[in-house]
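What follows is each chain in one-letter form.
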Amino acid sequence: MRSATITRKTAETDISATVALDGTGSYDNRTGVGFFDHMLDQLARHSLIDITITCAGDLHIDDHHTVEDVGIALGQALAEALGDKRGIRRYGACLLPMDDALVRAALDLSGRPYLVWNMELPTARIGTFDTELVREFFQAFSTHSGMTLHVDALHGINSHHMAEAAFKAVARALREAVETDPRKGDAIPSTKGML
């Protein structure tokens, strides 16, 4: 199985992140931030990537360091598990509806990190969760996995639905991108010969 574990310890967080790309979408995510754990569970379930994350963070300050640093560690684990990216489809996209929300995600596992974020969540918080942290997670995740990622909210009035639709859309796009291409399972998906 294509898998990796990353451990990352700083003065702000202590993280272990494990991914298995050829999994079933199983998850065990414990960051101490309830809504974020729920989103990570969605990322695993809908990508079919097994994800296990533990994080002890400085939540007495706020959730920012935990969310951002988990994005860093998860991105690094994804990059390591992909290896030289031989045989993957590389690209993925999803248009995902969730009640009032409609979110489009498109990504390229190119090795060139770039985030385009067109999503304005209408409230500052989802419960106690700071909605600015949704973008912070995806910025860290895309940067440290080497992913070009576009996320666009086409419609939405409920912040919870919009954020969850974003995680699910990215998950479905990621599922497509990491899958083995049945027609070119032995090739690097680039004319350059490397990614």
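Scroll up to find the structure this text is about.
Sequence order sets the numbering: in each chain, residues are counted from 1 along the sequence as written. Per-residue local features of the predicted model are confined to residues with pLDDT of at least 70, and side-chain atom pairs are confined, for both listing and counting, to 80 or more; whole-chain, interface and lining totals are unaffected and use all residues. No hydrogens and no water enter the side-chain calculation; it runs on all heavy atoms of the structure.

Enquirer: Help me get a handle on the sheet that holds strand β1 (residues 3-9), residues and values and all.
Expert: At least two bridges found by DSSP between two strands is the condition for calling them paired. Put simply, DSSP marks the helices as runs of H or I at least four residues long and the strands as runs of E at least two long, and each gets a number from the N terminus on. Spatial ordering of the open sheet is given by β1-β2-β4-β3, a layout of four strands whose pairing is mixed. Edge positions in the open sheet fall to β1 and β3 (27-30), since each of these has one partner strand only. Within the sheet, the average angular offset between the axes of one strand and its neighbour, ignoring direction, is 5°. Relative to strand β4 (residues 50-57), strand β2 (residues 13-20) runs antiparallel, the two sharing eight bridges. Of the residues in β4, the one forming a bridge with Ile15 is Cys55. Its contacts with the sheet place helix α1 (residues 34-47) against β3 and β4, and it is angled at close to 160° to β3. Should any heavy atoms of two residues lie within 4.5 Å, those residues are considered in contact. An axis is simply a line fitted to the C-alpha atoms; with a helix, the fit covers only the stretch in contact. Between two such axes, the angle follows the N-to-C directions and lies from 0 to 180 degrees. Against the sheet, helix α2 (residues 64-82) contacts β1, β2 and β4, and its axis sits at roughly 35° relative to β2.

Enquirer: An account of the packing of α2 against helix α3 (residues 132-145) is needed here, citing residue identities and associated values.
Expert: Following both chains from N to C, one finds α2 and α3 inclined at 30°, their axes separated by 7 Å at the closest point. Of the possible angle classes, the one that applies to α2 and α3 is roughly parallel. Relative to α3, α2 is oriented so that their crossing is right-handed. Where α2 approaches α3, its residues His64, Val67, Glu68, Val70, Gly71, Ile72, Leu74, Gly75, Gln76, Leu78 and Ala79 are matched on the opposing element by Leu133, Glu136, Phe137, Ala140, Phe141, His144 and Ser145. Considered class by class, the residues forming the contact of α2 with α3 number ten nonpolar, six polar and two charged. Here roughly perpendicular refers to angles of 65 to 115 degrees, roughly parallel to angles under 35, roughly antiparallel to angles over 145, and oblique to all remaining angles. Definitions for this section: a left-handed crossing has its near helix turned counterclockwise from the far helix by less than a right angle. A right-handed crossing has that turn clockwise. Nonpolar residues are Ala, Val, Leu, Ile, Met, Phe, Trp, Tyr, Cys and Pro. Charged residues are Asp, Glu, Lys and Arg, and all others, Gly as well, are polar.

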